Amino acid sequence: MDFFNDHRKLFLTATGLFFFLTFWVAIMPAIRNQNDNLPLPNAAQLTAEELAGKAVYVSHGCVACHTQQVRNIDMDKPFGKRPSVAADYAGNGRTDFWRNTATLMGTGRIGPDLTNIGNRQPSAEWNLLHLYQPRAVVKESVMPAYPFLFQVKQQVETGDVEINVPDEFRPAGPGKIVATKEARQLIAYLQALKQTELENPAVVPAFLYKREIKAADVPAGSTSEPGLDGVALYASNCQSCHQANGEGLKGAFPALKGSPIVLDDNPELLIDVIMNGYDPRPEFAAMPAVGKNSNLSAAEITAIINHERTSWGNKAREVPAAEVQQILDLLKKTASN
Amino acid sequence: MYLHSQLPPPFFNKYTSQLLLILFLYGFTPTRLYAQNGSEQAGLFSQPGILITIFLILIPLLAAILYLVVKANNVYYYLKSRKQAEEATRFAAYLKTLDAATLAQLQQEKYNLQYLNKPGQLTGNLPVWDEKGLLANINEHANIRFIETKRKALKRPNIDPALSRLIIWFLVTATFWLVFGTTIGEYLGIKLVAPDLDHASWLSFGRLRPVHTNAVFWGWSSLAMLGLGYYVVPRVGNVQIASLKLGWWTLYLVNASVVLGSLALMAGINNGGGEYREYIWPIQLLFALGLVLTLVNFLRTVARRTTKEIYVSNWYIVAAVIFAITIGVVAYVPNWQNGMGETIIQGYYMHQGVGMWFMLFTLGLVYYFLPQQLNKPIYSYSLGILAFWSQIFFYTLIGTHHFVFSAIPWSLQTVAIVGSAGMAIPVVSGTTNFLMTFRGSWHKVSGSYTLPFFIIGIIFYFTGSLQGTAEAFRYTNRLWHFTDFTIAHSHLTMYGIIAFFLWGGIYAIVPRLTAQEPPQLTVGIHFWMAFIGLMFYSIPLMLGGTLRGLLWLEGKPFIDSVVLMAPYWLWRAIGGSLMWVAHLIFAFNMYKMLVTHKKTRINGVAPERPEIPDYELVKMQ
């Protein structure tokens, strides 16, 4: 191997091979993807405040635990209505002179994906309290608390956003807990994280590897559709505010246990609230349009409301899926009128 | 018998195989997996990724089976010896039938056969005189040995003290970053169990995580590699290093980069979120400049070598430095970083950083240290060369396997998966080469305190690397990606392979540079705590990660999967603590190897003091 006894030839050959491969698997595809994709025409640009919030997100290293990519596999469905496509990220350019582009796709999910969190959890009150102390709203959470993004003030001034923290998580002493500018910006950014609708449904990529549901999984006599677990759906969609015990959080999220709306023999208002949101009472946070945002089907809503109507001591009749479908159709009609 | 008793330290066979068996059965018992998940049960065992993982787990089990075979063999010999005893009885009965003359003749023959020289009969009473200094390393033990005495480092031709000093400073700063980086890692592990431990922005999880990863990457691993590289590169070319000054500048620049980088990350200044690319460019530039200086230095050293061929170590080491600089440039040049371009580059960067910098450089070190510690040439030079070229060819392709099912083009994902499978070639040829070099020398392991580190490194080089291949397949990627399985994998490789090889190398050369051996007890404790700690760290994370992935596949609420992980995170913190204590002990060993004790070398000093007139010979104990 005399050829390789010359260090120039040896290292030039190795470097050449590496350069060649690097060009073909990294640089060339990167340039092609950068040039071939434009942001979606109806994608919302981040406002100055949301951009500042993104900088807070980057600075605190949220990407260590939260991804922002919905993969085209069925298991990622809870995180978005459709798989992410390259155009979703096309709007990201270099942050500034010092910092690289932040697509924030992430490589680990210690916490949930946030691609569509602005639709999945739009409530500012919930987000601020959760940021101040995640365990105040989600008992089992392992997310860090960010009390340093809040101030304790004796007097709430105009423009301040006060949060209502349960006593066990408040610092000792009097005062009101108020979000700093950074906290408000961060929440504005999270609220802006919404998947853009694709105008042409034909180009929406499919979720692969659909989960098969076996008939054996369905308990006998169940009114809900096979494979739908009301408890799990409740946990995914409702629990972070109304809590696992259905009691809500005092001063923030109302109880479902004993709630007249939940127990009403006619489930119309209940389904309306789930689909379209609700904000009649100033002492509680506004309820987002969970059903619409998460694209809940009639079967899924049936499973959720029947869980709510028969748990924690609630004893209302179980609603059949057909009736829910009927109400949904009615709601759609009134909305379009 | 041969393989079983000599191959890895006995712990690996007995303990690990049992532990893995338990975990294996636990993870795959029908009640856990099949009951809730009808659709996956047929698929799970037909998935190549799963099958490879099971095969890797089976390796220790096979060792256990080998052990059983040996035991069965023993039973066979026991039965055989009983038969022989019966034969002896019959023979005795036969002897009784012989007459007196025959017996006397047999007695005489027996006496002749058993004749022994009396002491001194052939040598006389002359004192022992080892004129040519042939006897060395004489160990006399008066007491019961609790710790097996290991071979001391052989006296070698002296190394230029100036180079020694440079190497030692590389290794000392590396040790500092190891302790610093893993203290942070340990704290992060505890935070997953107790998230409200502190509420300081500089210590919050998202900021500390990159501090940990970057400090152990650029601080510990890179500095230790460079330090050992400065020993190996001139040595295998049989020349002096071209420039000490460039070496010192590399040391300053790399350390400055990690100091500034850690502070910046804690202050919330980072590059935007790509893993291992968190240092902003002015800080990472310091690191790259350090590498450029070292590259110039290494190339000049190789150019003026006095050997004809370039030893394969230098192929790996110099190529690794060239590639690391290339990767850094590709990762930080802004022209192809918009939108999805950033992600494609990120996949390339994070994996080439691991495979083309850490792995390639460390393999180069192993090609020097393993033959040196075994005192025999590497088994096959050609296998080393095959591994070199196939590593470059396949490894470069696999970056985007971190983004399977993402918005990256499907074709690129497929190339990455194919490349991951191709990695079997360099890994198998490298492992074969190392193990065949060991062949016939396994007995040296029990007498050496460096070789066990190399053995663990080789085992994880094989299992850890192929595990990476298994993770890249599409089914296993759905199951394991985004879970803690990935974290376990990165520790099995960056720690099990890289750190163990580096420790082996450090324990091999520092005693030669300073003429001071570390206490063998603490080297042993370091080895075992690091190894057991790594097992406690990674096995629960792999198990928990798998179960978490299954929950996600079943569409269960996300928070359920957080609750599920709690016990596994606790075990990881426990394993992490063991590893962390091992690093403190390693730092202590470094101290013992470096700091000269105030002990007068009587033989050395006495001849220099002829001015002392009267003296009395003190009887030494």
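Residues numbered from 1 in each chain as written. Chains lettered and ligands numbered in written order. Predicted model: local features only at pLDDT ≥ 70, side-chain atom pairs only at ≥ 80, totals over all residues. Heavy atoms only, no water.

Caption draft 1: Highlighting the overall build of chain B. Each helix and strand in chain B was counted, giving 21 helices and zero strands. Buried residues in chain B amount to 56% of all 621 residues. Taking the intrachain contacts of chain B between residues at least 6 apart in sequence as the baseline, contacts between residues at least 24 apart amount to 83%. Element-wise, carbon and sulfur atoms account for 66% of the exposed surface of chain B, whose accessible area totals about 28000 Å². (Helix = DSSP H or I, 4+ residues; strand = E, 2+ residues; numbered from the N terminus. Buried < 20%, exposed > 50% of the residue type's maximum accessible area, 1.4 Å probe, protein only. Contact = heavy atoms within 4.5 Å. Areas by Shrake-Rupley, 256 points an atom, 1.4 Å probe, with all protein chains shown as cover.)

Caption draft 2: Quick look at the overall build of chain A. A tally of helices and strands in chain A yields 14 helices and three strands. Expressed as a percentage of the 337 residues in chain A, the buried residues total 51%. Restricting the contact set of chain A to residue pairs at least 6 apart, pairs at least 24 apart contribute 65%. Of the roughly 16400 Å² that chain A leaves accessible, carbon and sulfur atoms contribute 56%.

Caption draft 3: Fine view of helix H6 (residues 100-113) of chain B. Along its 14 residues, H6(B) runs 20 Å from first to last C-alpha, staying within 8% of the 20 Å computed at 1.5 Å per residue. A side-chain oxygen of the first residue of H6(B) lies 3.2 Å from the backbone nitrogen of Ala101(B); this N-cap is Asp99(B). (Expected span 1.5 Å × (residues − 1). Polar contact = N/O pair within 3.5 Å; in protein donor to acceptor, adjacent residues only side chain to side chain.)

Caption draft 4: Up close: the pairing of strand E3 (residues 176-179) of chain A. All names here are of chain A. Both strand E1 (residues 150-153) and E3 contribute to a ladder of four bridges, which runs antiparallel. Bridge pairing in E3 places Phe150 opposite Ala179. Note that strand E2 (residues 162-163) and E3 share two bridges and pair antiparallel. Residue pairing for E3: Glu162 is matched across the bridge by Val178. (Pairing = 2+ DSSP bridges.)

Caption draft 5: A look at the interface of chain B and chain A. Counting residues at the interface gives 89 residues for chain B and 83 residues for chain A. Linking chain B with chain A are one salt bridge, by the criterion used here. Its salt-bridge partner being Asp196(B), residue Arg135(A) comes within 2.8 Å of it at the nearest N-O pair. The interface formed by chain B and chain A holds 22 residue pairs in polar contact (both at pLDDT 80 or more) in total. Residues that form the side of chain B that touches chain A fall into these classes: 50 nonpolar, 26 polar and 13 charged. (Salt bridge = Lys/Arg side-chain N within 4 Å of Asp/Glu carboxyl O. Nonpolar A, V, L, I, M, F, W, Y, C, P; charged D, E, K, R; others polar.)

Caption draft 6: Up close: the pattern of salt bridges. Residue and element names in this part refer to chain A. Throughout the structure, instances matching the rule amount to 19 salt bridges over all chains. For Asp88, the salt bridge identified is with Arg82, shortest N-O distance 2.9 Å. Assessed through its relative accessible area of 28%, Asp88 is described here as partly exposed. Judged by relative accessible area, which is 5%, Arg82 ranks as buried. Residue Glu247 is joined to Lys257 by a salt bridge in which the shortest nitrogen-to-oxygen separation is 3.2 Å. Of this pair, Glu247 sits in the loop between helix H9 (239-242) and helix H10 (260-263) while Lys257 sits in the loop between H9 and H10; the two residues are ten residues apart in sequence, bridging distant segments of the chain. The class of Glu247 is partly exposed, set by a relative accessible area of 42%.

Caption draft 7: Main features of unusual backbone geometry. Phi at Tyr209(A) is positive, roughly 55°, even though this residue is not glycine. Relative to the helices and strands, Tyr209(A) is located in the loop between helix H7 (181-192) and helix H8 (230-237). The exposure class of Tyr209(A) is partly exposed, given its relative accessible area of 39%. Phi angles above zero are rare outside glycine, and Ala515(B) is one such case at about 60°. With respect to the secondary-structure elements, Ala515(B) resides in the loop between helix H18 (485-514) and helix H19 (520-553).

Caption draft 8: Focus on the environment of Ile525(B). Residue and element names in this part refer to chain B. Take Ile525: it is sitting in helix H19. Looking at Ile525, the relative accessible area reads 33%, which means it is partly exposed. In sequence terms Ile525 and Phe586 are 61 residues apart; their C-alpha atoms lie 9.0 Å from each other.

Caption draft 9: Examining the UniProt feature "transmembrane region" (unreviewed entry) in chain A more closely. Using the residue numbers shown here, the UniProt feature "transmembrane region" (unreviewed entry) corresponds to residues 12-31 of chain A. In the segment residues 12-31 of chain A, helix accounts for 100% and strand for 0%; the C-alpha atoms at its two ends are 25 Å apart. (UniProt positions renumbered as here; feature names shortened; annotations may be inferred.)

Caption draft 10: Geometry of the environment of Phe453(B). Note on placement: Phe453(B) falls in helix H16 (residues 451-472). When the C-alpha atoms of Phe453(B) and Ala499(B) are compared, they prove to be 9.1 Å apart, with 46 residues separating the residues in sequence.

Caption draft 11: Highlighting the nonpolar core. Judged by nonpolar contacts, the single largest core of 233 residues is most densely connected at Trp220(B) and Trp357(B). If one sorts the elements of this core by residue count, helix H12 (residues 340-374) of chain B sits on top with 21 residues. For this core, the two domains that each supply at least three residues are domain 1 (48-192) and domain 2 (212-336) of chain A. Formed by 22 residues, the second largest nonpolar core is a distinct cluster that contains Ile274(A), Met275(A), Ile327(A) and Leu331(A). (Core = buried A, V, L, I, M, F, W, Y, C linked by side-chain atoms within 4.5 Å. Domains from an automatic or database assignment.)

Caption draft 12: Summary view of the sheet that holds E2(A). If you trace the three strands from one edge of the open sheet to the other, you get E1-E3-E2 (chain A), paired in antiparallel fashion. The sheet is open, and its two edges are formed by E1 and E2 of chain A, each paired on a single side.

Caption draft 13: Local environment of a nonpolar patch on the surface. Together, Leu58(B), Leu62(B), Ile65(B) and Val69(B) make up an exposed nonpolar region whose accessible area comes to about 340 Å². Counting through the fold element by element, Leu62(B) comes out in helix H5 (residues 48-96). (Patch = residues over 30% accessible without salt bridge, like charges linked within 9 Å, V, L, I, M, F, W, Y side chains within 5 Å.)

Caption draft 14: Fine view of the side chain of Thr213(B). All names here are of chain B. In this fold, Thr213 is placed in helix H8 (residues 205-237). Overall, the relative accessible area of 11% leaves Thr213 in the buried class. Within the structure, the side chain of Thr213 is placed 3.2 Å from the backbone oxygen of Pro210, a separation counted as a polar contact.

Caption draft 15: View of the packing of H16(B) against H19(B). Residues and elements named next belong to chain B. Two numbers describe how H16 lies on H19: the axes approach to 11 Å, and their chain directions differ by 15°. In this view, H16 runs roughly parallel relative to H19, as classed from their interaxial angle. Seen from above, H16 lies across H19 with left-handed handedness. Between H16 and H19, the residues in contact are Pro452, Phe453, Ile456, Phe460 and Gln467 and Val523, His526, Phe527, Phe531, Leu534, Met535 and Met542, respectively. Taken together, the residues of the contact of H16 with H19 break down into ten nonpolar, two polar and no charged. (Axes fitted to C-alpha atoms, helices over the stretch in contact; angles between N-to-C directions. Parallel < 35°, antiparallel > 145°, perpendicular 65-115°, else oblique. Left-handed = near helix turned anticlockwise from the far one by under 90°.)

Caption draft 16: Spotlight on the packing of aromatic side chains. The tally for this structure, following the rule as stated, stands at 66 aromatic pairs over all chains. Their ring planes at 90° and their centres at 6.1 Å tell us that Phe500(B) and Phe527(B) sit as a pair that is edge-to-face. Taken together, the residues span a long stretch of sequence, with Phe500(B) in helix H18 and Phe527(B) in helix H19 at a distance of 27 residues. Both residues of the pair, Phe500(B) and Phe527(B), belong to the buried class. Ring-pair connections join several aromatic residues into one group, and the members of that group are Trp220(B), Tyr449(B), Phe453(B), Phe460(B), Tyr495(B), Phe500(B), Trp503(B), Tyr507(B), Phe527(B), Trp528(B), Phe531(B) and Phe586(B). Above the ring of Trp410(B), the side-chain terminus of Arg474(B) is found at 3.9 Å from the ring centroid. We note Arg478(B) situated over the ring of Tyr209(A); from NZ or CZ to the ring centre the distance is 3.9 Å. (Phe/Tyr/Trp six-rings, centres within 6.5 Å; stacked < 30°, edge-to-face > 60°. Lys NZ or Arg CZ within 6 Å of the ring centre and 35° of its normal.)

Caption draft 17: The arrangement of the state of the cysteines in detail. Residues and elements named next belong to chain A. Applying the stated criterion to the full structure yields zero disulfides over all chains. Here Cys62 is not cross-linked by a disulfide; its sulfur's nearest cysteine counterpart is in Cys65, at 8.6 Å. Assessed through its relative accessible area of 15%, Cys62 is described here as buried. (Disulfide = S-S within 2.5 Å.)

Caption draft 18: Main features of the confidence of the model for chain A. Counting all residues, the mean pLDDT for chain A is 88, and 94% of those residues have values of 70 or more. Every residue in residues 220-224 of chain A scores below 50 in pLDDT, and together they form three contacts with partners more than four places removed in sequence or on other chains. (pLDDT = per-residue confidence, 0-100.)

Caption draft 19: Structural context of the packing of helix H14 (residues 410-422) of chain B against helix H15 (residues 424-438) of chain B. Residues and elements named next belong to chain B. One can describe the packing of H14 onto H15 by two numbers: an axis separation of 5 Å at closest approach and a directional angle of 15°. On the basis of the axis angle, H14 is roughly parallel to H15. Contact residues: H14 offers Ser420, Ala421 and Gly422, while H15 offers Ala424, Ile425 and Pro426. Grouping the constituent residues of the contact of H14 with H15 by class yields four nonpolar, two polar and no charged.

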